[in-house]
Amino acid sequence: VLSIWMIIDNPKWERKCANGGNGFCTSVGQCSGGHASIAFIGFLLILHVAYLVHVLWICYEVRTIPQEFAEHKWVTAACISAVEVHIIAPLVVALVWTAPVTKTL
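The residue numbering used here restarts from 1 in each chain and proceeds along that chain's sequence as written. Two thresholds apply to this predicted model, a pLDDT of at least 70 for residue-level local features and 80 or more for giving and counting side-chain atom pairs, whereas whole-chain, interface and lining totals are computed over all residues. With hydrogens and water set aside, each side-chain value is computed from the structure's full complement of heavy atoms.

## With respect to the overall build of the protein chain
Where we set the bar: Strands are runs of DSSP state E lasting at least two residues, helices are runs of H or I lasting at least four, and both sets are numbered from the N terminus onward. Think of it in three bands: residues with accessible area under 20% of the maximum for their type are buried, residues over 50% are exposed, and the middle band is partly exposed, with areas taken using a 1.4 Å probe on protein chains only. Every residue pair with non-hydrogen atoms within 4.5 Å of one another is taken to be in contact. What sets the accessible areas is the Shrake-Rupley method with a 1.4 Å probe; for residues, cover comes only from the shown protein chains. Charged residues are defined narrowly, with Lys and Arg counted positive, Asp and Glu counted negative, and His plus the chain ends left uncounted. Charged side chains are reduced to one point each, which is NZ for Lys, CZ for Arg, CG for Asp and CD for Glu.
The secondary structure content of the protein chain amounts to four helices and two strands. Dimensions along the principal axes, computed over C-alpha positions, put the protein chain at roughly 70 × 30 × 20 Å. Burial analysis of the protein chain (105 residues in total) assigns 11% to the buried set. Contacts spanning at least 24 positions in sequence make up 43% of the contacts within the protein chain whose residues lie at least 6 apart. Of the roughly 8500 Å² of accessible surface on the protein chain, a fraction of 70% belongs to carbon and sulfur atoms. Averaging the locations of the 6 positively and 6 negatively charged side chains of the protein chain gives two centres separated by 14 Å.

## Some details on the packing of aromatic side chains
Selection rule: Stacked, edge-to-face and tilted are the three classes for Phe, Tyr and Trp ring pairs, Trp counted by its six-membered ring, which pair at centre distances within 6.5 Å; planes under 30 degrees apart are stacked, over 60 edge-to-face, the rest tilted.
Scanning the entire structure with this criterion turns up two aromatic pairs. Geometrically, the ring pair formed by Trp 5 and Phe 40 is stacked, given 6.0 Å between the ring centres and 10 degrees between the ring planes. Of this pair, Trp 5 sits in helix H1 (residues 2-8) while Phe 40 is found in helix H2 (residues 35-61), placing the two residues 35 residues apart along the sequence. Taking the centre distance of 5.6 Å and the plane angle of 35 degrees together, the rings of Trp 57 and Tyr 60 count as tilted. Pair noted here: Trp 57 and Tyr 60 are both in helix H2, with a separation of three residues, about one helical turn.

## A closer look at helix H3 (residues 72-96)
What counts is decided by this rule: In a helix, the anticipated span is given by 1.5 Å times the number of residues less one.
The end-to-end C-alpha distance of H3, which contains 25 residues, comes to 36 Å, matching closely the 36 Å that a straight helix rising 1.5 Å per residue would cover. Among the residues of H3, His 72, Cys 79 and Ala 82 are the ones counted as buried. Next to the buried residues of H3 lie H2.

## Quick word on the side chain of Ser 37
The topology assignment puts Ser 37 in helix H2. By relative accessible area, Ser 37 is classed as buried at 5%. Aside from chain neighbours lying at most four places away, what touches Ser 37 is Trp 5, Asp 9 and Pro 11.

In structure tokens form, the structure reads like this:
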């Protein structure tokens, strides 16, 4: 999927001076792509969420395995941390969307 994305719509990195000074300047940059990039990001997000739901479902199904064979608790904990990233990341992006210096750190 990522190879197809790079062939169809390769994101470009754009850098410009923030203070417009002579010689040396503080620069900010950002990576931007076209409409196809938005579609690929959405597809990858949906795919990742589907994999997380599938793994959590399998962990739920094997919850009755004896304790000495059970590793589903640790897999579930790892999946929950990935779900937290899906919840927190859009909030962080929304907070720094208009601050170009914060976006590029």
